[in-house]
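Chains, contacts and geometry: an overview
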Amino acid sequence: MSIVSIIVAMDENRSIGKDQQLLWRLPNDMKFFKETTTGHTVIMGRKTFESLPKGALPNRKNIVLSSNPALHYDNCTVCHSLTDALMLTKTEEEVFIIGGGNVYEQALPIADKLYLTIVHHIFNEATVFFPEIDRNIWEEITKTEYPKDDKNPYAHTILAYTRRK
């Protein structure tokens, strides 16, 4: 079975978006996301897919979750449940859950790893949030802190966790 990993950027209140859009632009985080997920399968909800500016993410197998059986997207596989998507990827080394809020909620209880970018700011306008994380079941394995700079308007920390055995 594959390692199921969640990758997400959120603010200090667990905010992840508003109106199918991110609330910030952090080149450091986008680079980390691309480097981490390239060559792997990414699983996302329909709204997350539709928010991508150029459609399917290149150099990744894209799986979109939707209950609509007629839905079709170029360069994507559509599955009707997270379970179905994970069955399609069970021989892969690691698969990434990339959003949105509902998909994260379904995936958190079964995830093996978390890749979290914490944006050191609070975005009060957010309408979508990452579920509460029980820190007792996760062990931090890496932590990299980034200060605010010319290209990254907010300080942020990129962390990786593995589920405790």
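These notes cover the structure that comes with them.

What follows is about the overall build of the chain. A count of helical and extended segments in the chain gives four helices and ten strands. Written out in order from the N terminus, the α and β elements of the chain read β-β-α-β-α-β-β-α-β-α-β-β-β-β. Computed over the C-alpha atoms, the radius of gyration of the chain is 15 Å, within 12% of the 15 Å expected from 2.2 N^0.38 for a compact globule of 165 residues. In terms of its C-alpha atoms, the chain occupies a principal-axis envelope of roughly 45 × 35 × 25 Å. Expressed as a percentage of its 165 residues, the buried residues of the chain come to 45%. A separation of at least 24 residues holds for 65% of the contacts in the chain among residues at least 6 apart in sequence. When the accessible surface of the chain is totalled, it reaches about 9200 Å², and 49% of it is carbon and sulfur. Counting 19 positive and 21 negative side-chain charges, the chain places the averaged centre of each group 3 Å from the other.

Attention now moves to the side chain of Thr89. Relative to the assigned elements, Thr89 resides in the loop between helix H3 (82–88) and strand S6 (94–97). Judged by its relative accessible area of 0%, Thr89 falls in the buried class. Among all residues touching Thr89, those that are not within four sequence positions of it are Ser2, Thr41, Ile63 and Val95.

Glancing now at the pattern of salt bridges. Throughout the structure, instances matching the rule amount to six salt bridges. Between Glu132 and Arg14 there is a salt bridge whose closest N-O contact spans 3.2 Å. One end of the pair, Glu132, is in the loop between strand S8 (128–129) and strand S9 (138–146); the other, Arg14, is in the loop between strand S1 (3–11) and strand S2 (15–17), with 118 residues separating them in the sequence. Arg14 gets classed as partly exposed once you look at its relative accessible area, which sits at 27%. The partner of Lys31 in a salt bridge is Glu35, with the nearest N and O atoms 3.9 Å apart. Here the residue Lys31 and the residue Glu35 both occupy positions in helix H1 (residues 27–37), the gap between them amounting to four residues, near one helical turn.

Position of Thr117 among the secondary structure elements: in strand S7 (residues 113–119). A polar atom in the side chain of Thr117 sits 2.5 Å from the side chain of Asp29. Excluding anything up to four places from it in sequence, Thr117 contacts Val8, Ala9, Met10, Asp29, His156, Thr157 and Ile158.

This part is about H1. Taken residue by residue, H1 has Asp29, Phe33, Thr36 and Thr37 as its buried positions. Buried residues in H1, looked at end-on, bunch into an arc of 80°, giving them a common side. Opposite the packed face of H1, turned more than 90 degrees from it, sit the exposed residues Lys31, Lys34 and Glu35. Buried positions along H1 lie against S1, strand S3 (41–45), S6, S7 and strand S10 (156–163). Looking one or two residues past H1, Gly39 carries a phi angle of roughly 85°, positive in sign.

Rules of the game
- Residues numbered from 1 in each chain as written.
- Predicted model: local features only at pLDDT ≥ 70, side-chain atom pairs only at ≥ 80, totals over all residues.
- Heavy atoms only, no water.
- Helix = DSSP H or I, 4+ residues; strand = E, 2+ residues; numbered from the N terminus.
- Rg over C-alpha atoms; globule rule 2.2 N^0.38 Å.
- Buried < 20%, exposed > 50% of the residue type's maximum accessible area, 1.4 Å probe, protein only.
- Contact = heavy atoms within 4.5 Å.
- Areas by Shrake-Rupley, 256 points an atom, 1.4 Å probe, with all protein chains shown as cover.
- Lys, Arg positive; Asp, Glu negative; His and termini not counted.
- Charge placed at Lys NZ, Arg CZ, Asp CG, Glu CD.
- Salt bridge = Lys/Arg side-chain N within 4 Å of Asp/Glu carboxyl O.
- Polar contact = N/O pair within 3.5 Å; in protein donor to acceptor, adjacent residues only side chain to side chain.
- Arc of directions from axis to C-beta.

Function-wise, these values are silent; they only describe arrangement.
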